[in-house]
Amino acid sequence: MKNLCDINVIKDVMTRHGFNFSKALGQNFIVNPSVCPRIAEMGGVDENTGVIEIGAGVGVLTAELAKRAKKVVCIEIDSRLLPVLDETLAEFDNIEIVNEDVLKVDLHKLIEEKFAGMRVVVCANLPYYITSPIIMMLLESNLPIESVTVMVQKEAGDRLCAKVGSRDAGAVTVAVDYYARATKLFDVSRGSFMPSPKVDSMVIKLELRQEKMFELSDEKKFFRLVKAAFGQRRKTASNSISSGMGLPKSDVIAALERAGFDANARAEKFTMEDFRRLCEEIQ
Ligand code: SAM
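Remember, it's a predicted structure, so these values are computed and weren't measured experimentally. (Residues numbered from 1 in each chain as written. Predicted model: local features only at pLDDT ≥ 70, side-chain atom pairs only at ≥ 80, totals over all residues. Heavy atoms only, no water.)

Asker: Which parts of the structure should I look at to understand the pattern of salt bridges?
Answerer: Where charged atoms of side chains with opposite charge meet at close range, the side chains can pair. As enumerated under the stated definition, the model contains 18 salt bridges in all. Between Lys 2 and Glu 87 there is a salt bridge, and its shortest N-O distance comes to 3.6 Å. One end of the pair, Lys 2, is in the segment before helix 1 (7–16); the other, Glu 87, is in helix 4 (residues 82–88), with 85 residues separating them in the sequence. Across the pair Lys 67 and Glu 64 runs a salt bridge whose closest N-O atoms are separated by 2.9 Å. Pair noted here: Lys 67 and Glu 64 are both in helix 3 (residues 60–68), with a separation of 3 residues, about one helical turn. One salt-bridge network, in which partners are shared between bridges, spans Lys 2, Asp 12, Arg 16 and Glu 87. (Salt bridge = Lys/Arg side-chain N within 4 Å of Asp/Glu carboxyl O. Helix = DSSP H or I, 4+ residues; strand = E, 2+ residues; numbered from the N terminus.)

Asker: I tried to follow the domain arrangement of the protein chain on my own but got confused; where do I start?
Answerer: How big an interface is tends to be reported as the loss of accessible area on association of its parts. Each domain of the protein chain was delimited in the assignment, giving domain 1 (7–208) and domain 2 (219–281). Here the C-alpha centre of domain 2 lies 34 Å away from the C-alpha centre of domain 1. In this complex, domain 1 contributes 13 residues to the contact, which on the side of domain 2 involves 13 residues. Counting the surface lost from both domain 1 and domain 2, the interface buries some 990 Å², and carbon and sulfur atoms represent 66% of this. The largest per-residue losses of area from domain 1 upon contact with domain 2 belong to Ala 171, Val 174 and Tyr 178, which jointly make up 44% of the total buried on that side. In this structure, the connection of domain 1 to domain 2 is made through 0 salt bridges. Counting the contacts that link domain 1 with domain 2 gives 1 residue pair in polar contact (both at pLDDT 80 or more). (Domains from an automatic or database assignment. Contact = heavy atoms within 4.5 Å. Buried area = accessible area lost by both parts, 1.4 Å probe. Polar contact = N/O pair within 3.5 Å; in protein donor to acceptor, adjacent residues only side chain to side chain.)

Asker: What is the right way to read the packing of aromatic side chains from this model?
Answerer: The geometry of an aromatic ring pair is captured by two quantities: the separation of the ring centres and the angle between the planes. Within the structure shown, the criterion is met by 13 aromatic pairs. For the ring pair Tyr 178 and Tyr 179, a centre distance of 5.0 Å and an interplane angle of 75° mean the geometry is edge-to-face. Exposure class is identical for Tyr 178 and Tyr 179. Each is buried. We classify Tyr 178 as buried; its relative accessible area is 2%. By the ring-pair criterion, three or more aromatic residues cluster together here, those being Tyr 178, Tyr 179, Phe 214, Phe 222 and Phe 223. Between Arg 38 and the ring centre of Phe 186, over which it is positioned, the NZ or CZ distance is 4.0 Å. (Phe/Tyr/Trp six-rings, centres within 6.5 Å; stacked < 30°, edge-to-face > 60°. Buried < 20%, exposed > 50% of the residue type's maximum accessible area, 1.4 Å probe, protein only. Lys NZ or Arg CZ within 6 Å of the ring centre and 35° of its normal.)

Asker: What exactly am I supposed to notice about the packing of helix 9 (residues 219–231) against helix 10 (residues 237–245) here?
Answerer: Relative to each other, helix 9 and helix 10 sit at 125°, their axes nearing to 7 Å. The orientation of helix 9 relative to helix 10 falls into the category oblique. The way helix 9 lies across helix 10 gives a crossing that is right-handed. When helix 9 is examined against helix 10, the residues Lys 221, Arg 224, Leu 225, Ala 228 and Ala 229 are found in contact with a partner set consisting of Ser 240, Ile 241, Gly 244 and Met 245. Across the contact of helix 9 with helix 10, the residue classes break down as 5 nonpolar, 2 polar and 2 charged. (Axes fitted to C-alpha atoms, helices over the stretch in contact; angles between N-to-C directions. Parallel < 35°, antiparallel > 145°, perpendicular 65-115°, else oblique. Left-handed = near helix turned anticlockwise from the far one by under 90°. Nonpolar A, V, L, I, M, F, W, Y, C, P; charged D, E, K, R; others polar.)

Asker: Sorry, what's going on with helix 10 here?
Answerer: Residues that lie three or four places apart on an α-helix share one face, since the helix turns once every 3.6 residues. Of all the positions in helix 10, only Ala 237, Ser 238, Ser 240, Ile 241, Ser 242 and Met 245 are classed as buried. Where helix 10 is buried, its residues contact helix 9, helix 11 (249–258) and helix 12 (272–281). Where helix 10 ends, the next residue or the one after it, Gly 246, has phi of about 65°, a positive value.

Asker: Please explain the environment of Leu 160 as it appears in this structure.
Answerer: Inspection of the secondary structure puts Leu 160 in helix 7 (residues 154–160). Assessed through its relative accessible area of 4%, Leu 160 is described here as buried. Residues Leu 160 and Thr 183, 23 residues apart in the sequence, show an inter-C-alpha distance of 8.8 Å. Once residues lying within four places of it in the same chain are set aside, the contact partners of Leu 160 are Ile 135, Val 172, Thr 173, Val 176, Ala 182 and Ile 204.

Asker: Which parts of the structure should I look at to understand the site of the ligand?
Answerer: In the vicinity of the ligand there are 24 residues, among which Ile 30, Gly 55, Glu 76, Asn 125 and Tyr 129 approach most closely. Here an oxygen atom of the ligand and a side-chain polar atom of Gln 27 are 2.9 Å apart. Against a free-state accessible area of 590 Å², the protein chains account for coverage of 99% of the ligand. Structurally, the ligand is housed in the largest pocket. Taken together, the residues of the shell around the ligand break down into 13 nonpolar, 6 polar and 5 charged. (Near = heavy atom within 4 Å. Areas by Shrake-Rupley, 256 points an atom, 1.4 Å probe, with all protein chains shown as cover. 1 Å grid on protein atoms, 1.4 Å probe; cavity = no way out; pocket = protein on both sides within 12 Å on 5 of 7 lines; lining within 4 Å. Sits in = over half its atoms within 2 Å of the grid points.)

This is the structure:
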């Protein structure tokens, strides 16, 4: 098999297929040979696993996943890569490429049809322009997947894995913590990609909670509250929540006090349980 991390091999296959990188599709391909085996190993991929990959590029991670998994289904939006992948992944018979936008695929149906009887994980070097929409879609869709092991921009990884209640946390941190246990796995420098992006990266793992952290009477309200609370970080929780949720400030202060908080409390210090309590008090 050709070394798909070798810049000359990538350039050769790209030239022969008339392919050039699309910045708009976040096409930065991995050329550091140590990265993909680690993603596959730490993603818990074994011979009983069905893997969903998002974005194949020239297939460097796809091949490492296919070596270990029972089956890999890779969703790749760019049809120009199909003939490239036909060539680079020719030796594998357990890979299927789905030429779609991952945000438009019915993943419930895909898992049911392609991965019967297998444990299912997601592994990917994500296109950075849609990191959060992809992660939130995977978490919110109630899919039968065990974990999501993905490369993201370092700053995004820090926020996704931050401790709720710490300075690095944001609305997305709370949302991720509600659905999954997030762990930083390892850093990846910008030089590990071709073309080299302007930022460093990080591989993170989200292990989906099999049981909910807590029951909420209104999940949508909980996420509207969290979004509002972090919407204006410098303001007090009462100000940001009243403007973000369109509620009278006096009602928000009353809810904060019923939940046991000071009227001047700041949302960035709230824990998950604090948000739950406050959500139950907000009308
Ligand atoms: N896995 C390869 C690697 O690690 O070298 C490529 C990773 S590259 C950062 C992201 C890949 O996602 C590209 O191949 C790009 O075409 C694909 N992509 C971008 N947007 C997508 C979308 N909405 N749905 C599916 N694939 C997408």
